[in-house]
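# Structure at a glance
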Amino acid sequence: MFKKLASWDSIIILLTVLVLIVASVVVDNFGTSRNFTFMVLDLMPIILVALPMTFIIITGEIDLSVASVLGLTSSLMGWLWNHDMAIQTIIPLCIVIGAVAGALNGFLITGLGLPSLAVTIGTLALYRGLAFVVLGDSAVADFPFNFTGWVTGTLGDGSIPNVLIPIIAMAVVFGVILHATPVGRALYAIGANAQAAHFSGIRVARTKLWLYVVSGAVSGLVGVLWTLRYSSARADNGAGLELAVVAAVLLGGVSIFGGKGSLPGVLAGVVLLTALQNALRLEDVSGQALNIVTGALLVLSVLLPNIVTTVRGNWQRRRLRQSAAQ
Amino acid sequence: MTPLALQKPRKPTMNLLKTRELGILLALALLVLYTTINNPRFLSGQSIRDNLLNTAILAVMATGQAIVVITRNIDLSVGSVLGISAWTAATMMSDHQGLPMIVAILVGLAVGAVAGLLNGVLVRYGKVPALVVTLGTLYIYRGITYQWAGGSQVNADKLPAHFLNFANDSLLGIPWLVLIALLVVGGATLVMRNYRVGRELYAMGSSPQAAELAGIKVARNLLGAFVLSGALAGLAGVLFAARFGTVDASAGTGYELNVVAAVVVGGVAVFGGSGTVWGAGLGALLLTVISSALAVLDINQFWQQAIVGALIILAICADRLVAVRIARSLRKRDAHV
């Protein structure tokens, strides 16, 4: 029980709750429903992309191309809309294109055995480049209001933003898969030791391939939502989001080496980052200053557990030595 | 194991590594040839000069990155280190107009070295993976620069003339910027190839555990690699400020991608232990020439990033092919023994 409480993801969940409470007491307008809506809209892209990213990092891989897939689908959405395609066709098409982009990542990584870090740095440049090829530096803005309005709108009386529904639904689905199904256990097994997982009958390559497909599809969906939220399709939409997502996932206690981490921790990590940013902005602190906090939290999220382990190890050794001396 | 058996495996590796850099040279030659046929001005003195000047900053950073990647680490903070160093140098030179260029360079190196030292200490003694550390310090160093600079910027008219001229002045017809880049790439290549510490860095990248067991001073070398990468990014910051004249807090944002791209395209494997510094320098040159060739060929500039991405993937596919072939040939030979 004590060990469980002391783990990083429970610390981060406590910290998140603490920040939310303190911010709503101390910061004016933080607790208003208007601000809540803005906060949910701000954390939407990070939290959605973080779900498949958590799975991928738990298997010991990484996907840095997510923000570029987002940009590519946003660009394509604008281009297709300009070419008079119906929005009902465009949206599923964009998600499929995202999945195809993810499948290419997955094929290069699992089919050819290339390192995921290098592959997705490559496709980060490739997909963002293609986004610019599609739309150049122009923007498409005239999306139908019933779609853009839904994304920024709220349910009924106006305190719950619409996008919270897909966010919660997807978080629950990913959470159940990770923590309550054989697939989820397989992901941890792959991350802990891919070879051992392979010999115990887990289809390692196929699982990883599917993870990249899902990651691409979700990034495509987020590209659509992003475009509708700002009602602006641009090639540079979401640039740099991959860093925020990876930071949030690691902050949530997922090990970059794979095999460790939990979805509640990740969700807390995302909420913590977004809430801090939101509160500091309300206090007129520049968003860039928050970069220092984000970066420091990211490093500390790995550093502190390491220090605790080292100290505990030393302490145990000393006790062993003492009992041996007796 | 006879000496002969020990000697044998080295030969194909050396040959293949040679072809790796030759491949980049070949691609470069073809690209230049094709572009020049389409537009002869591409090979004019001014165009070559521009290309080399544009390569210089990237090549300096790629040198440090290559060494870090060879040790099986990565330094994503270089763009932010460039930013903080460029801002430091620019504000210092605009406040103290009389300071000689060498002071700016030394200050840039020092700022970068401190930033790199922090990275190295966290990686080695904090046991935090380099990817996480440098992703964190990418944010931290950039945040510090923004805190310091706010929304302000240093313009060229506030900077002393000798500082700005440095980017255009030359020695024996070769611009200073290019000379510095050649010196850095050449020196690092030599050290990595022929000196003990260089070989130790390769050994660390091939197998970190074996290197430690073999008595290599892993901690010292690792810190050295990160300090060097930081210092070179700091130097690049000063060169950036001198070349562009206008500096704000966003200088060098996203450069880490170009630097890693240059290193990977140049044949340094992300799993460490192989590749050369001059290969990374060639990678930097290739990326720069591609972007200027696109402009000359009147191809949509927007294609540039997509081509860079495709090149990275092509490069790692090529590396994989070579690695598989080596593994197969080694296995075959072992089977005969």
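Bear in mind the structure is a predicted one, so any value in this text is a computation, not a measurement.

Taken together, the contacts link 42 residues of chain A with 34 residues of chain B. In this assembly, chain A packs against chain B so that about 3300 Å² is buried in total across both faces, 84% of it on carbon and sulfur atoms. At the surface where chain A touches chain B, the tally comes to zero salt bridges. There are five residue pairs in polar contact (both at pLDDT 80 or more) connecting chain A and chain B. For the side of chain A that touches chain B, the secondary structure elements donating two or more residues are helix H6 (116–135), helix H12 (241–251) and helix H14 (287–325) of chain A. Of the residues forming the side of chain A that touches chain B, the biggest block, 14 residues, is contributed by H6 of chain A. Grouping the constituent residues of the side of chain A that touches chain B by class yields 29 nonpolar, eleven polar and two charged.

Take the nonpolar core next. Formed by 203 residues in total, the largest nonpolar core has its most connected members in Leu48 of chain A together with Phe163 of chain B. With residues up to four places along the chain from it excluded, the contact list for leucine 48 of chain A reads Ile167, Met170, Val218, Val222 and Leu225 of chain A. Listed in part, the five residues of the second largest apolar core include Ala186, Ile190, Ala197 and Val204 of chain A.

Turning next to a nonpolar patch on the surface. Residue and element names in this part refer to chain A. Taken together, the side chains of Ile13, Leu15, Val17, Leu18, Ile21, Val22, Val25 and Val26 present a nonpolar region at the surface, about 700 Å² in accessible area. Here leucine 15 is to be found in helix H2 (residues 8–26). By relative accessible area, which is 33% here, leucine 15 ends up partly exposed.

Let us now look at the confidence of the model for chain A. The pLDDT averaged across chain A works out to 88; a share of 98% of its residues lies at or above 70. Mean pLDDT in chain A bottoms out at helix H1 (residues 2–6) of chain A, which sits at 50, and peaks at helix H11 (residues 204–229) of chain A, which reaches 95.

In this section: helix H8 (residues 164–180) of chain A. All names here are of chain A. Over its 17 residues, H8 runs 23 Å from end to end, which matches the ideal 24 Å to within 8%, given 1.5 Å per residue. Taken together, the buried positions of H8 are occupied by Leu164, Ile167, Met170, Ala171, Phe174, Gly175 and Leu178. End-on, the buried residues of H8 take up no more than an arc of 135 degrees, which puts them together on one face. On its buried face, H8 is in contact with helix H3 (33–58), strand E2 (160–161), helix H9 (182–192), H11 and helix H13 (263–282).

Residues and elements named next belong to chain A. In this structure, asparagine 29 is a non-glycine residue whose phi angle is positive, near 70 degrees. In this structure, asparagine 29 sits in the loop between H2 and H3. Positive phi values are uncommon outside glycine, yet aspartate 84 reaches one of about 65 degrees. When you line up the elements, aspartate 84 lands in the loop between helix H4 (66–82) and helix H5 (87–111).

The subject of this paragraph is the environment of glutamine 147 of chain B. Mapped onto the elements of the fold, glutamine 147 of chain B is located in helix H6 (residues 130–149). Between the alpha carbons of glutamine 147 of chain B and isoleucine 312 of chain B there is a distance of 34 Å; along the sequence they are 165 residues apart. Residues in contact with glutamine 147 of chain B, not counting those within four places in the same chain, are Ser286, Ala289 and Ile292 of chain A.

The next thing to look at is a positive patch on the surface. Residues and elements named next belong to chain B. Positive charge collects at one region of the surface, where Arg325, Arg328, Arg331 and Lys332 lie side by side. Position of arginine 325 relative to the elements: it lies in helix H14 (residues 303–336). The exposed category is assigned to arginine 325, whose relative accessible area is 52%.

What counts, and at which threshold
Residues numbered from 1 in each chain as written. Chains lettered and ligands numbered in written order. Predicted model: local features only at pLDDT ≥ 70, side-chain atom pairs only at ≥ 80, totals over all residues. Heavy atoms only, no water. Contact = heavy atoms within 4.5 Å. Buried area = accessible area lost by both parts, 1.4 Å probe. Salt bridge = Lys/Arg side-chain N within 4 Å of Asp/Glu carboxyl O. Polar contact = N/O pair within 3.5 Å; in protein donor to acceptor, adjacent residues only side chain to side chain. Helix = DSSP H or I, 4+ residues; strand = E, 2+ residues; numbered from the N terminus. Nonpolar A, V, L, I, M, F, W, Y, C, P; charged D, E, K, R; others polar. Core = buried A, V, L, I, M, F, W, Y, C linked by side-chain atoms within 4.5 Å. Buried < 20%, exposed > 50% of the residue type's maximum accessible area, 1.4 Å probe, protein only. Patch = residues over 30% accessible without salt bridge, like charges linked within 9 Å, V, L, I, M, F, W, Y side chains within 5 Å. Areas by Shrake-Rupley, 256 points an atom, 1.4 Å probe, with all protein chains shown as cover. pLDDT = per-residue confidence, 0-100. Expected span 1.5 Å × (residues − 1). Arc of directions from axis to C-beta. Lys, Arg positive; Asp, Glu negative; His and termini not counted. Charge placed at Lys NZ, Arg CZ, Asp CG, Glu CD.

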